[in-house]
Amino acid sequence: MRKAERTHILQSALTITALTVAGASQAAGTGHQADPDWPLPVHDDTRFGQILFDRFEFQAGDEEDLFVWEAQAWYGGDTNRIWLDTEGEDIVSGGEGGEVEKLDLLYGRHVGRFWDLRAGVGYQTSYGTDDDHDRASLVVGMLGLAPYWFEIDTHLRVSEDGDTAAALEGEYDWRLTQRWILQARGETEYAFDSAEEFGVGEGVTGLSLGLRLRYEISRKFAPYVGVTWSDRYGDTADLVEAAGRETQESAVVGGVRWWF
């Protein structure tokens, strides 16, 4: 075979290869496959889900013993998700009844590297007494990871009666070893309006702090023990005292954190 023929064949082969690669790249860029049997270059439309019980615990307090839960579930992709958040307590001894402090159905949109903007509807109710109350609300807030690895959940809540309140929750984990983790948790709320039927007065309602030491038997299952302390301030403290209760409370807790 002459040298000119070999050069011509080589040039034809390179041209065919370049056209094939260009066609495949163009198809991938427009979201269409060049061939039905070829996989997509990046699978960014996959949906995931998780259910997490961050607190599932028994609290032995000064006046009452409580069963407390805080859980969230989500389903969606990296950008858009549907969230279900719930938090509440049930009085085991020293009183009666309980309260679902929140049951929120939210839409979340990823708006930053570590932040999700969430909005939706919420529900709150008390039960087990002769003076039960419930209310619905609109909720908007941010959930994410602040600098230095602080987990932040903040939201603004406007009830069907027009009562407005802003809440802030923060958590921080110290990883003592690969399995032992010490978690610090704080929570506070500011009420722009009073809601006496729920024991909430206008202004800063109070502060709750806690320390929990957990042992991760696996990443998905971790029993823990800890302590909590809370205090009520201002008009909220006045409502608590009028009901014959102490404004400050502390408890020893034991529970399990788990997810799947």
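Relevant structure appears above.
Residues numbered from 1 in each chain as written. Predicted model: local features only at pLDDT ≥ 70, side-chain atom pairs only at ≥ 80, totals over all residues. Heavy atoms only, no water.

Novice: For this particular structure, what's the right way to read the pattern of salt bridges?
Specialist: Pairs can form between side chains of opposite charge whenever their charged atoms are close. In total, this model carries 19 salt bridges according to the counting rule given. With a closest N to O distance of 2.9 Å, Asp85 and Arg118 form a salt bridge. Placement of Asp85 in strand β3 (residues 80-93) and of Arg118 in strand β5 (residues 115-127) is noted, with a sequence separation of 33 residues between them. For the residue pair Asp85 and Arg118, the accessibility class agrees, reading buried in each case. In this structure, Asp173 engages Arg214 in a salt bridge whose closest nitrogen and oxygen atoms are separated by 3.1 Å. Residue Asp173 is located in strand β8 (residues 164-175), and its partner Arg214 is located in strand β10 (residues 203-215); the two are separated by 41 residues in the primary sequence. Put simply, Arg55, Glu70, Glu87, Lys102, Glu169, Glu171, Arg185 and Glu187 are held in one network by salt bridges that share partners. (Salt bridge = Lys/Arg side-chain N within 4 Å of Asp/Glu carboxyl O. Helix = DSSP H or I, 4+ residues; strand = E, 2+ residues; numbered from the N terminus. Buried < 20%, exposed > 50% of the residue type's maximum accessible area, 1.4 Å probe, protein only.)

Novice: Teacher, can you tell me more about the side chain of Arg81 here?
Specialist: On the secondary structure map, Arg81 appears in strand β3. Buried charge without a partner: Arg81 forms no salt bridge, and the closest opposite charge is Asp78, 4.6 Å away. Separated by 2.9 Å, the side chain of Arg81 and the backbone oxygen of Gly77 make a polar contact. Discounting residues that sit within four places of it in the chain, Arg81 has contacts with Trp74, Tyr75, Gly76, Leu106, Tyr107 and Gly108. (Lys, Arg positive; Asp, Glu negative; His and termini not counted. Polar contact = N/O pair within 3.5 Å; in protein donor to acceptor, adjacent residues only side chain to side chain. Contact = heavy atoms within 4.5 Å.)

Novice: I would appreciate a short explanation of the sheet that holds strand β4 (residues 98-110) in the present structure.
Specialist: By definition, the strands of a sheet pair up through backbone hydrogen bonds, in either a parallel or an antiparallel sense. Read around the barrel, 12 strands follow the order β1-β2-β3-β4-β5-β6-β7-β8-β9-β10-β11-β12 and close on themselves; strand pairing throughout is antiparallel. Strand-to-strand twist of the sheet, defined as the mean angle between neighbouring strand axes without regard to direction, takes the value 20°. Pairing of β8 with strand β9 (residues 180-191) involves 11 bridges; the strand directions are antiparallel. Looking at the pairing, Tyr172 lines up with Ala184 of β9. (Pairing = 2+ DSSP bridges. Axes fitted to C-alpha atoms, helices over the stretch in contact; angles between N-to-C directions.)

Novice: It is not clear to me how the pairing of β9 should be interpreted in this structure. Could you clarify?
Specialist: In this structure, the hairpin formed by β8 and β9 is closed by a connection of four residues. By the bridge criterion, 12 bridges tie β9 to β10 in an arrangement that is antiparallel. By the bridge assignment, Arg185 is partnered in β10 with Gly210.

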